[in-house]
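Descriptive analysis of the structure
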Amino acid sequence: LFIISFNSKAQENLVFNPSFEDFYPDEELSCGAYTSEKFSETIMYWKSPSTGSPDIISMDVAPNCITYPLNTNLADQLPRTGKSYSAMINRDSDNETFREYIQGTLSSDLEVGVNYKIKFYISLGVVSGRTTNNIGIKFFNSEQSFQTTSFINIVPDANYDGLPFVNKDDWTEIAFDFIPTYSNLRYFVIGNFFDGE
């Protein structure tokens, strides 16, 4: 399980709802685990692009909820900024092909040939028995829908493949440079695009 937080101060942040704070007014935050549909219906500008079920962890739910940031049954991590973050399974201990992904939206299309800085923060969930050394991002020109809970077998545009993440106590910055070679890229998917090996 990885928990993800976005933040950018040095340049314009093109990610809509970067700290997972804005929710659809008619939807309530869940006290329990989310379904893929509930995640997509609750948080503005974010979706689950697969049938996996990422979660919204928020200070706005009761402390006894599994989706409360300091609940030791899931995350046990305060938000890096704001009151919320997202949690997803990047590699499952029992089912090595099971994955969850999050899909975000940009405020404008990326321009071909321009160097963009991609930066987000992750923390290993407190209940995680395993970790991974793969987390990447893939950009698209339309919203994606993958009817699977397995890994999405595509080549990410940028991928961290260094030492496995082991920090459960703090946030670790993941940063890439990306120069688009295709136009109209406005959507992105984050997750582990590789099999268990």
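Right above here is the structure, for reference.
Parameters and conventions
Residues numbered from 1 in each chain as written. Predicted model: local features only at pLDDT ≥ 70, side-chain atom pairs only at ≥ 80, totals over all residues. Heavy atoms only, no water. Pairing = 2+ DSSP bridges. Helix = DSSP H or I, 4+ residues; strand = E, 2+ residues; numbered from the N terminus. Patch = residues over 30% accessible without salt bridge, like charges linked within 9 Å, V, L, I, M, F, W, Y side chains within 5 Å. Areas by Shrake-Rupley, 256 points an atom, 1.4 Å probe, with all protein chains shown as cover. Salt bridge = Lys/Arg side-chain N within 4 Å of Asp/Glu carboxyl O. Buried < 20%, exposed > 50% of the residue type's maximum accessible area, 1.4 Å probe, protein only. Phe/Tyr/Trp six-rings, centres within 6.5 Å; stacked < 30°, edge-to-face > 60°. Disulfide = S-S within 2.5 Å. Core = buried A, V, L, I, M, F, W, Y, C linked by side-chain atoms within 4.5 Å. Contact = heavy atoms within 4.5 Å.

Further remarks concern the sheet that holds strand E10 (residues 185-191). An order of E2-E5-E10-E7-E8 is seen for the 5 strands of this open sheet, with the pairing classed as antiparallel. Every other strand in the sheet has two partners, leaving strand E2 (46-47) and strand E8 (158-160) as the edge strands with one partner each. One ladder, built from 5 bridges, connects strand E5 (residues 102-110) with E10; its direction is antiparallel. Note that in E10 the partner of Leu110 across the bridge is Leu185.

Together, Met59, Leu70 and Leu78 make up a nonpolar patch on the protein surface, roughly 240 Å² of accessible area in all. Residue placement: Leu78 occurs in the loop between strand E3 (55-58) and strand E4 (84-88). Looking at Leu78, the relative accessible area reads 43%, which means it is partly exposed.

The subject of this paragraph is the packing of aromatic side chains. For the coordinates displayed, the defined rule picks out 10 aromatic pairs. Summarising the aromatic geometry, the rings of Phe139 and Phe188 are spaced 6.1 Å apart at their centres and angled 55 degrees between planes, so their arrangement reads as tilted. Of this pair, Phe139 sits in strand E7 (residues 135-140) while Phe188 sits in strand E10, and the two are 49 residues apart along the sequence. Overall, the relative accessible area of 1% leaves Phe188 in the buried class.

Let us now look at the state of the cysteines. Summed over all chains, the structure comprises 1 disulfide. The disulfide partner of Cys31 is Cys65, and the gap between their sulfur atoms is 2.0 Å. Every disulfide takes its handedness from the sign of the S-S torsion; for Cys31 and Cys65 that torsion is -105 degrees, giving left-handed. In this pair, Cys31 sits in the loop between strand E1 (2-6) and helix H1 (36-42) while Cys65 sits in the loop between E3 and E4, placing the two residues 34 residues apart along the sequence. Taking relative accessible area as the criterion, Cys65 reaches 4% and is therefore assigned buried.

For side chains bearing opposite charge, pairing can occur when the charged atoms are close. Summed over the entire model, instances satisfying the criterion amount to 5 salt bridges. As a salt-bridge pair, Glu27 and Lys38 come within 3.2 Å of each other at their nearest N and O atoms. One end of the pair, Glu27, is in the loop between E1 and H1; the other, Lys38, is in helix H1, and 11 residues separate them in sequence. Residue Asp157 is joined to Lys138 by a salt bridge in which the shortest nitrogen-to-oxygen separation is 3.5 Å. You can see Asp157 sitting in the loop between E7 and E8 and its partner Lys138 sitting in strand E7, a full 19 residues away along the chain.

In this structure, Trp46, Leu110, Ile118, Phe120, Phe139, Phe188 and Ile190 are the most contacted members of the largest nonpolar core, which totals 28 residues. For this core, the secondary structure elements donating two or more residues are E5, strand E6 (116-124), E7, strand E9 (172-178) and E10. Per element, the largest residue contribution to this core is 4 residues, and it comes from E6. Not counting residues up to four positions away in its chain, the partners in contact with Ile118 are Ile137, Phe139, Ala158, Ile174, Ala175, Phe176 and Phe178. One finds Ile57, Leu74, Ala75 and Tyr85 within the second-largest nonpolar core, a separate group that totals 7 residues.

One non-glycine residue, Tyr45, adopts positive backbone phi at about 70 degrees. Within the secondary structure layout, Tyr45 lies in the loop between H1 and E2. Phi angles above zero are rare outside glycine, and Asn184 is one such case at about 65 degrees. When you line up the elements, Asn184 lands in the loop between E9 and E10.

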